[in-house]
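# Observations on chain architecture
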Amino acid sequence: MKPDETTFIDLRTDFGFKRLFGTASRSHILIRFINALFEGRMVITDVTFHDKEMLPQDPAGKRTIYDVYCTTDTNQHFILEMQMADSANFPKRVLFYTAAAVVAQGQKGYDYALDPIYTVIFTNFNLKHMSKRLVNEVVLKERDSDIIYSEDLQIIFISLPMVKKQWRECTTELERILYLIKNIHTMDKKSEPYRSGDYSDFFEASERRNLACEERVEYSRSYYKMIDDRAALEFSRKEGFETGRIEGRAEGRAEGREEGREEGRAEGREEGREEEKHKIAYNLLKLNIDPNTIAQASGLDLATIERLQHNL
């Protein structure tokens, strides 16, 4: 369904997510979510929003742009991000974003006071190498004993595929909020969550008719970018799977050959992978997908993508 055919916007889009959680006029929604997430372990009453862009101390360094960045009235720093599709650099990007918030607190002198930092990542996919559940909390621990070294840095992953299938199955405040984030764009004003009146602030923030003209344009761009990103990564995944099968068969036939040819095979496989990356990028360019998205999906740098685009 097209974005202009729904009553409510998709809160998983960049626009929708920031509209819900990243505006001062709706800070009560973010507060409600944080309190639901910690279920009494943390209770906050106010938040202060910060600039979403964090510039590096070194002019040649990498800047950081958050979806939402705020500080609570009890001095916790919260970073909120929505990730719609998995990618090879996703785990390291999460670490980089968290570390950037740590470095930003540094002051001259010998004082290493650190306000707690919580990075909350909503994912539209189940995480690899983690338990398949709704919420996974990562803290610094001693490897063998599980003794917690520090809780001042926490990364919290929320897996939207693990949200309950039906509204009536949601028994906690957190489960209901996450159900709305995942599904509100599929609802109308006859839906049970809307008629309950308990989450009217979520529906008000999401209702399309409440958007100004320029906001509708921005939402449409955000929606179609989300669709393009998912299509690009799915295409890349299928291409990579087929390439892997071909390489696997070739390597299987090559088993038993003399060791002296292993270096040549390794070099050939590397060249084949680079050719495949170029093929994927070339096909995505023909689909008019954004070069930055293609660079992320293919692993090629943006300059290479632009050269391929020039040769189309």
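The structure this text deals with has already been given above.
Here is a short report on the structure shown in this document. Keep in mind it's a predicted model, so treat the numbers as computed, not measured. (Residues numbered from 1 in each chain as written. Predicted model: local features only at pLDDT ≥ 70, side-chain atom pairs only at ≥ 80, totals over all residues. Heavy atoms only, no water.)

What follows is about unusual backbone geometry. At His129, a position not held by glycine, the phi torsion is positive, near 65°. You can see His129 is positioned in the loop between strand 6 (117-123) and strand 7 (135-141). A residue is classified by how much of its surface remains accessible, and His129, at 84% relative accessible area, is exposed. If you check the backbone angles, Asp146 has positive phi at about 65° while not being a glycine. Tracing the sequence through the fold places Asp146 in the loop between strand 7 and strand 8 (148-159). (Helix = DSSP H or I, 4+ residues; strand = E, 2+ residues; numbered from the N terminus. Buried < 20%, exposed > 50% of the residue type's maximum accessible area, 1.4 Å probe, protein only.)

Turning to the packing of aromatic side chains, a few remarks are in order. Scanning all chains against the criterion turns up 21 aromatic pairs. An angle of 80° between the planes, with centres 5.7 Å apart, marks the rings of Phe90 and Phe125 as edge-to-face. One end of the pair, Phe90, is in helix 3 (residues 90-103); the other, Phe125, is in the loop between strand 6 and strand 7, with 35 residues separating them in the sequence. Of the residues examined, Phe125 reaches a relative accessible area of 11% and is grouped as buried. A ring pair is formed by Tyr223 and Tyr224, whose centres lie 5.3 Å apart and whose planes are at 85°; its orientation type is edge-to-face. Since its relative accessible area comes to 14%, Tyr223 is described here as buried. By the ring-pair criterion, three or more aromatic residues cluster together here, those being Phe15, Tyr219, Tyr223 and Tyr224. (Phe/Tyr/Trp six-rings, centres within 6.5 Å; stacked < 30°, edge-to-face > 60°.)

Leftover empty space is mapped by rolling, across the atoms, a probe with the size of a water molecule. Taken as a whole, the largest pocket encloses approximately 1200 Å³ of empty space. Elements with a minimum of two residues in the lining of the largest pocket: helix 1 (14-21), strand 3 (64-65), strand 5 (77-83), helix 3, helix 7 (213-254) and helix 9 (291-298). Here the element with the most residues in the lining of the largest pocket is helix 7; it accounts for 6 residues. Here the residues of the lining of the largest pocket are counted per class, giving 9 nonpolar, 8 polar and 12 charged. (1 Å grid on protein atoms, 1.4 Å probe; cavity = no way out; pocket = protein on both sides within 12 Å on 5 of 7 lines; lining within 4 Å. Points joined across faces, edges and corners; volume = space filled by probe spheres on them. Nonpolar A, V, L, I, M, F, W, Y, C, P; charged D, E, K, R; others polar.)

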